[in-house]
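Chain residues, written in single-letter form:
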Amino acid sequence: MIYPIVKYGDPVLEKPAETIVHFDEELKQLADDMFESMYAAHGVGLAAPQIGISKRIVVIDINFKEDPNDKLVLINPEVIRTEGKQRGSEGCLSLPEFREDVTRPNIVTVRAQDLDGKWFETSGEELMARALMHETDHLNGKLYISHVSALKRDLMKRKIKKLVRAGEWA
Ligand code: NI
């Protein structure tokens with residue numbers, strides 16, 4: 001099932017998500033639904049709070065359907081190592097139409113559980129490192145706008161307020 005994407009302004013995006021303890025069929029279904037919802041929204045990463053579910057699960061496919069082996073599910077992920085720096089344009093399905101430059105580590109290692117509850121580590125660089133940081137941030141109630149300058153953030157917030165008033169942000 002395709003869930004609508006929750007937009008900036010909804011409190012679910014700004015609170016820490018709950019640890020997942022049950023690794024059951026329901027969780028597998030949620031992961032499938034998250035991929036479906038992410039692809040429908042043309043995204044390369046999605047965290048459960050973005051579909052209104054405050055649980056620590058994210059899905060990532062930075063190559064957007066190119067290879068089924070690229071589909072990554074991270075449950076209860078923690079960033080355990082970072083290296084270097086990169087600066088580049090970043091967007092978020094919960095902030096449609098916006099993009100801003102964000103500085104992120106260039107190499108990121110995450111420890112997470114899979115759909116069976118088994119712990120594993122995964123590393124990524126460049127776009128993958130950015131996705132790992134962006135999506136784990138979501139589970140901590142953090143959006144990428146917290147990484148842009150106060151000036152740009154205020155501008156974005158003002159534009160969003162206008163969109164809300166115009167009924168174009170729901
Ligand atoms: Ni996002």
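So, how was this worked out
- Residues numbered from 1 in each chain as written.
- Predicted model: local features only at pLDDT ≥ 70, side-chain atom pairs only at ≥ 80, totals over all residues.
- Heavy atoms only, no water.
- Helix = DSSP H or I, 4+ residues; strand = E, 2+ residues; numbered from the N terminus.
- Contact = heavy atoms within 4.5 Å.
- Phe/Tyr/Trp six-rings, centres within 6.5 Å; stacked < 30°, edge-to-face > 60°.
- Expected span 1.5 Å × (residues − 1).
- Buried < 20%, exposed > 50% of the residue type's maximum accessible area, 1.4 Å probe, protein only.
- Pairing = 2+ DSSP bridges.
- Salt bridge = Lys/Arg side-chain N within 4 Å of Asp/Glu carboxyl O.

A. Summary view of the environment of Val110. In this structure, Val110 sits in strand β6 (residues 107-113). Along the primary structure Val110 and Leu74 are separated by 36 residues, whereas in three dimensions their C-alpha atoms are 8.8 Å apart. If we ignore the near neighbours within four places in the chain, the residues touching Val110 are Leu74, Pro77, Glu78, Val79, Ile80, Phe120, Glu121, Thr122 and Leu132.

B. Here's a closer look at the packing of aromatic side chains. Enumeration according to the criterion identifies three aromatic pairs in this entry. Between the aromatic rings of Tyr39 and Phe64, the centroid separation amounts to 5.1 Å while the plane-to-plane angle is 90°, which identifies the pairing as edge-to-face. With Tyr39 in helix α1 (residues 25-40) and Phe64 in the loop between β2 (57-60) and β3 (72-83), this residue pair connects regions lying 25 residues apart in the sequence. Aromatic side chains Phe98 and Trp169 sit 6.2 Å apart centroid to centroid with 75° between the ring planes, which places their arrangement in the edge-to-face category. With Phe98 in the loop between β4 (86-90) and β5 (100-104) and Trp169 in the segment after α3 (150-165), the pair connects residues that are 71 residues apart, well separated along the chain.

C. Representation of α1 within the structure. With 16 residues, α1 extends 23 Å between its outermost C-alpha atoms, agreeing within 8% with the 22 Å of an ideal straight helix rising 1.5 Å per residue. When we look at burial in α1, the residues that qualify are Leu27, Leu30, Ala31, Asp33, Met34, Phe35, Ser37, Met38 and Tyr39. Residues of α1 that are buried make contact with β1 (45-47), β2 and β3. Just downstream of α1 lies His42, where phi reads positive at about 60°.

D. Region of interest: the pairing of β6. Across the seven residues that make up β6, a large majority, five, are buried. Strand direction decides the pairing type here: β3 and β6, joined by six bridges, are antiparallel. Bridging from a neighbouring strand, Glu78 pairs with Arg111 of β6. With seven bridges connecting them, β6 and strand β7 (residues 119-125) associate as antiparallel partners. When the sheet's bridge partners are listed, Ala112 is paired in β7 with Phe120. From the end of β6 to the start of β7, which pair antiparallel, there are five residues, and Gly117 there has a positive phi angle of about 90°.

E. Layout of the pattern of salt bridges. Scanning the model with the defined rule gives seven salt bridges in all. Where Asp137 meets Arg104, a salt bridge forms, and the shortest distance between an N and an O atom there is 3.1 Å. Of this pair, Asp137 sits in helix α2 (residues 127-139) while Arg104 sits in strand β5, and the two are 33 residues apart along the sequence. As far as the burial class goes, Asp137 and Arg104 line up, both buried. Each of Glu90, Arg104, Arg130 and Asp137 takes part in one network of salt bridges that share partners.

Without other data, these values stay purely geometric and don't point to any function.
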